[in-house]
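If you want the building blocks of each chain, they are given just below.
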Amino acid sequence: MELDDFKNTAKTQQPPETTGEKPNSPVMDTLIEELKALDAKESRKIRLFIIIFGMFVAIYSSTFALQKGDMKTGFSLIVLGFILVLGYMYWRYHRIKHVDYTLPTKVFLADAEHRYRHMNPADWLISIPLLSLFITGGSIVVHTTFTRYFGNSILPLVIYLIIMVMAVVAGFYAGYKDWKNDKGWMLEKIRSIRKEFDA
């Protein structure tokens, strides 16, 4: 065997360069399949919400066209809120549909952990203004309606605001419980696997 042949053989036997990532493992393969199933379920749920809020936009838009004065302002805020919710839902749907399951392991796990948290900062930044928009629009409608029939009393408005606060608290609690049952276990699993890869 000549010297050049020996060099070429030695080169082919050298181990491949590492990239700092651990190779694919049965654990990661299982995790990816579970995430795909959960993402598909979430996509179906979001599509349903898009249909429901699309119906709300159609209904409240037709009602809005019949209103005047403060009532028109209140309904316009509610319609705007529903339209923004539709945009938010579409953004979430688009994000799930474009998840890249072939990313490097550490990058993929970090993105999955971020997606599967209960409320990310972006969710709070979107949810709080939307709730404020709905409550403001509803307050105007309620106050205008009761003033028209029962005089200028703030009692109906106070009752409405109390009911809305209770509804928001109950809604967030129910949302957290649903997340805990559907996705909480997955977030714990993702964090556990991240620790193993970071070790």
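That block above? That's the structure.
On a predicted model such as this, the values are computed, not experimentally measured, just so you know. (Residues numbered from 1 in each chain as written. Predicted model: local features only at pLDDT ≥ 70, side-chain atom pairs only at ≥ 80, totals over all residues. Heavy atoms only, no water.)

Student: Looking at this model, I keep getting lost on the overall build of the protein. Mind explaining?
Tutor: Each helix and strand counted, the protein has six helices and zero strands in total. Ordered by position from N to C terminus, the α and β elements of the protein give α-α-α-α-α-α. Taken across its 199 residues, the protein has 28% of its residues classed as buried. Pairs at least 24 apart in sequence give 80% of the contacts found in the protein among residues at least 6 apart. For the protein, the accessible surface area stands at approximately 13,200 Å², while carbon and sulfur atoms represent 66% of it. (Helix = DSSP H or I, 4+ residues; strand = E, 2+ residues; numbered from the N terminus. Buried < 20%, exposed > 50% of the residue type's maximum accessible area, 1.4 Å probe, protein only. Contact = heavy atoms within 4.5 Å. Areas by Shrake-Rupley, 256 points an atom, 1.4 Å probe, with all protein chains shown as cover.)

Student: Is there a simple way to explain the packing of helix α2 (residues 26-64) against helix α4 (residues 105-115) in this structure?
Tutor: Two quantities define a packed helix pair, namely the angle between the helix axes and the distance between the axes. Close contact between α2 and α4 brings their axes to 13 Å; oriented N to C, the two are set at 35°. Where α2 crosses over α4, the handedness of that crossing is left-handed. When α2 is examined against α4, the residues Met28, Leu31, Ile32, Leu35 and Asp39 are found in contact with a partner set consisting of Thr105, Phe108, Leu109, Ala112 and Arg115. Grouping the constituent residues of the contact of α2 with α4 by class yields seven nonpolar, one polar and two charged. (Axes fitted to C-alpha atoms, helices over the stretch in contact; angles between N-to-C directions. Left-handed = near helix turned anticlockwise from the far one by under 90°. Nonpolar A, V, L, I, M, F, W, Y, C, P; charged D, E, K, R; others polar.)

Student: Could you clarify how one ought to interpret the nonpolar core in this entry?
Tutor: Met28, Leu31, Leu35, Leu109, Tyr116, Met186 and Ile190 are the most contacted members of the largest nonpolar core, which totals 16 residues. Elements represented by at least two residues in this core include exactly α2, α4 and α6 (155-198). Top element by residues in this core is α6. It accounts for six residues. Aside from chain neighbours lying at most four places away, what touches Leu109 is Met28, Leu31, Ile190, Ile193, Arg194 and Phe197. (Core = buried A, V, L, I, M, F, W, Y, C linked by side-chain atoms within 4.5 Å.)

Student: Help me out: how do you make sense of the pattern of salt bridges in this one?
Tutor: Side chains carrying opposite charge are able to pair once their charged atoms draw close together. This structure, assessed with the given rule, holds nine salt bridges. For Asp111, the salt bridge goes to Arg115, with nearest N and O atoms at 3.4 Å. Taken together, the positions of Asp111 and Arg115, both in helix α4 and four residues apart, correspond to about one turn of that helix. Under the relative-accessibility criterion, Arg115 is labelled buried at 12%. Where salt bridges share partners, they join Asp39, Arg95, Asp111 and Arg115 into one cluster. (Salt bridge = Lys/Arg side-chain N within 4 Å of Asp/Glu carboxyl O.)

Student: What exactly am I supposed to notice about the side chain of Ser139 here?
Tutor: Of note, Ser139 is situated in helix α5 (residues 121-150). Not counting chain neighbours up to four residues away, the residues in contact with Ser139 comprise Leu157, Tyr160 and Leu161.

Student: Teacher, can you tell me more about the layout of surface pockets here?
Tutor: Space left empty within the atom packing is revealed by a probe, the size of a water molecule, rolled over the atoms. By volume, the largest pocket is sized at about 1,400 Å³. As for the largest pocket, its lining consists of 42 residues, of which Tyr88, Met89, Arg92, Met119 and Ser127 are closest to the centre. Among the secondary structure elements, those contributing two or more residues to the lining of the largest pocket are α2, α3 (69-97), α4, α5 and α6. Here the lining of the largest pocket takes eleven residues from α6, the largest share from any one element. Of the residues that constitute the lining of the largest pocket, the class distribution is 25 nonpolar, six polar and eleven charged. (1 Å grid on protein atoms, 1.4 Å probe; cavity = no way out; pocket = protein on both sides within 12 Å on 5 of 7 lines; lining within 4 Å. Points joined across faces, edges and corners; volume = space filled by probe spheres on them.)

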